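Structure assessment
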Amino acid sequence: MKIVIANWKMNVGVRESVALARASLLTLRGRKVIPELVICPPFVALSEVRKVVARSSAAIGAQNLFWEPTGSHTGETSSRQLLELGVSHVIIGHSERRTQLGETDEMVNKKVLQALSEQMTPILCVGESKGEREAGEARAVVETQLATALRGVRLHGNARLLIAYEPVWAIGAGESASVGDVIEMHRFIRSILANLFPDAPAGQMAILYGGSVDGENAYRFLRESEVDGVLVGGASVKINQFKEIVEAAAEVLEAQRPE
Ligand code: 13P
């Protein structure tokens, strides 16, 4: 399994999103095996992007949701509203929301529970800051984030849970984490998930890396069995970069195919 998720953040408008969605889908053309592709446009572009993505194998993700299904919550968006727009995935707990908007692990937990209750796939983001890594606290921070965010979570039926390990210091930094550090953290996260969900089949959960993934370094991460995919920010709105990332994932999958 290899998953490529494009997080366009607030970097594109509606028209640009439509063009970018078309170009992103073209990167899948002519491949024998393709990675799972999830496109996460800004909210304002969801319905237009849906028209482009319909009938393709790509899925649409939102960049956030609110934890109540309906009600007086000015400016918020519910999972039900997102489902109406064909949204199947949702990024939850991105570090930009944690640091810029004060999102806490408790809020993240409510959002994860809400997404799963509506059969949406959460893309739960965790990761330590630079100071926390330097203090040797990276694992402890990620463990606490996961323990709180996944409190009360059950994976019923074929519900899926994607975890994105995104060290805060590598996001938009132009310099990714090292492959070795990523593998180590993914192993740690996998062990926590195995404890929390002992009965969940392997394919139900995936661990992705995010943080300055680009066309140049994507293959180095994706070829590792510990890395089920990548969550891409800046390079996902640069189509040449994004094409290389999708190609890297496809190459890894092709190499894994039995003769
Ligand atoms: P960059 O790829 O721009 O570092 O962003 C990563 C990210 O935050 C994806 O959610």
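Every chain begins its residue count from 1, and numbering advances along the sequence as written. It should be noted that, the model being predicted, local features are given only for residues of pLDDT at least 70 and side-chain atom pairs only at 80 or more, the latter also being counted only at that level, while totals for whole chains, interfaces and linings use all residues. Processing note: side-chain calculations cover all non-hydrogen atoms of the structure and skip hydrogens and water entirely.

Attention now goes to the overall build of the chain. Secondary structure is summarised from DSSP: a helix means a run of H or I of at least four residues, a strand means a run of E of at least two, and numbering begins at the N terminus for each. Scanning the chain for helices and strands turns up 10 helices and eight strands. For a compact globule of 259 residues, the expected C-alpha radius of gyration is about 18 Å, and the chain comes in at 17 Å, within 12% of that figure. Taken over the C-alpha atoms alone, the chain extends approximately 45 × 45 × 35 Å along its principal axes. In the chain, which comprises 259 residues, the share counted as buried stands at 53%. Areas reported here follow the Shrake-Rupley algorithm with a probe of radius 1.4 Å; residue values treat only the protein chains shown as occluding. Total accessible area computed for the chain in this model is approximately 12,100 Å², and 48% of it derives from carbon and sulfur atoms. For the chain, the separation between the mean place of its 28 positive charges and that of its 31 negative charges on side chains is 6 Å. The quantity called the radius of gyration is restricted to C-alpha atoms. Its globule counterpart is 2.2 Å times the number of residues to the power 0.38. Buried means the residue's accessible area, taken with a 1.4 Å probe over protein chains only, is under 20% of the maximum for its type, while exposed means over 50%, and partly exposed covers the values in between. When charges are counted, neither His nor the chain ends are considered; positive counts come from Lys and Arg and negative counts from Asp and Glu. By convention, charge coordinates are those of NZ in Lys, CZ in Arg, CG in Asp, or CD in Glu.

It is worth spelling out the site of the ligand at this point. Every residue close to the ligand is listed here: N7, K9, H94, E166, A170, I171, G172, G211, S212, L231, G233 and G234. As used in this structure description, the phrase polar contact means that two N or O atoms lie within 3.5 Å; if the pair is within protein, one of them must be able to donate a hydrogen and the other to accept it, and residues adjacent in sequence are counted only when both atoms belong to side chains. A distance of 3.0 Å separates an oxygen atom of the ligand from a polar side-chain atom of E166. Residue S212 places a main-chain N or O atom 2.7 Å away from an oxygen atom belonging to the ligand. Its free accessible area being 310 Å², the ligand has 96% of it covered by the protein chains. Structurally, the ligand is housed in the second largest pocket. Any residue with a heavy atom positioned within 4 Å of a molecule or strand is treated as near that molecule or strand. For cavity detection a 1 Å grid was placed over the protein atoms alone, and a set of points counts as a cavity when a 1.4 Å probe fits there but cannot get out; an open set counts as a pocket when protein lies on both sides within 12 Å along at least five of seven lines, with lining residues being those that have an atom within 4 Å of a point. Any molecule with more than half of its atoms within 2 Å of a cavity's or pocket's grid points is counted as sitting in it.

Once that is clear, we can look at the packing of aromatic side chains. Side-chain rings of Phe, Tyr and Trp, where Trp is taken by its six-membered ring, are said to pair if the distance between their centres is within 6.5 Å; with planes under 30 degrees apart they count as stacked, over 60 as edge-to-face, and otherwise as tilted. Summed over the entire model, instances satisfying the criterion amount to three aromatic pairs. Taken together, a centroid distance of 6.4 Å and an interplanar angle of 55° make the contact between Y165 and Y209 tilted. With Y165 in strand β6 (residues 161-165) and Y209 in strand β7 (residues 205-210), the pair connects residues that are 44 residues apart, well separated along the chain. The rings of Y165, Y209 and F221 are connected pair by pair, giving a single aromatic cluster.

Sizing a probe to match a water molecule and rolling it over the atoms shows the empty space that remains. A volume near 460 Å³ is recorded for the largest pocket. Along its surface, the largest pocket is lined by 16 residues, and M10, Q63, N64, R97 and L101 are the ones closest to its centre. Residue contributions to the lining of the largest pocket peak at four residues, all from helix α4 (residues 95-101). Gly is put with the polar residues, along with every residue not named as nonpolar or charged; the nonpolar set is Ala, Val, Leu, Ile, Met, Phe, Trp, Tyr, Cys and Pro, and the charged set is Asp, Glu, Lys and Arg. Considering only residue class, the lining of the largest pocket consists of five nonpolar, seven polar and four charged. Grid points are joined across faces, edges and corners, and a volume is the space filled by probe spheres set on the points. The computed volume of the second largest pocket comes to approximately 280 Å³.

Looking now at the sheet that holds strand β8 (residues 229-232). The strands that make up a sheet are held in pairs by hydrogen bonds between backbone atoms, and each pair lies either parallel or antiparallel. Strand order around the closed barrel formed by eight strands is β1-β2-β3-β4-β5-β6-β7-β8, with parallel pairing between neighbours. When the angles between neighbouring strand axes are averaged without regard to direction, this sheet yields 25°. Note on pairing: DSSP must find at least two bridges between two strands before they are called paired. Two elements, strand β4 (residues 87-92) and strand β5 (residues 121-126), share four bridges in a ladder whose sense is parallel. Within the sheet, the bridge partner assigned to I92 lies in β5 and is L124. Contact definition: two residues touch when any of their heavy atoms are within 4.5 Å. Throughout, an axis means a line fitted to C-alpha atoms (over the contacting stretch in the case of helices), and angles, computed between N-to-C directions, take values from 0 to 180 degrees. Strands in contact with helix α8 (residues 179-196) are β5, β6 and β7; relative to β7, the strand with the most contacts, it is inclined by about 150°.

What counts as a salt bridge is simple: a side-chain nitrogen of Lys or Arg found within 4 Å of a carboxyl oxygen of Asp or Glu. Scanning the model with the defined rule gives 16 salt bridges in all. In this structure, the salt-bridge partner of E254 is R31, at a minimum N-O distance of 3.5 Å. Here E254, found in helix α10 (residues 239-256), pairs with R31, found in the loop between α1 (14-26) and β2 (36-40); they are 223 residues apart in sequence, far enough to count as distant. A residue is classified by how much of its surface remains accessible, and E254, at 26% relative accessible area, is partly exposed. Among the ionic contacts, a cluster of salt bridges with common partners joins R187, R190, E226 and D228.

Mapped onto the secondary structure, E247 falls in helix α10. Owing to a relative accessible area of 23%, E247 belongs among the partly exposed residues under this scheme. Measuring from C-alpha to C-alpha, the distance between E247 and T27 comes to 7.5 Å, with 220 residues separating the pair along the chain.

So, on to unusual backbone geometry. Here K9, not a glycine, exhibits a phi torsion of approximately 50°, which is positive. For K9, a relative accessible area of 17% gives the class buried. The backbone of Q119 sits at a positive phi, close to 60°, despite the residue not being glycine. Here Q119 is to be found in the loop between α5 (105-117) and β5. Of the residues examined, Q119 reaches a relative accessible area of 67% and is grouped as exposed.

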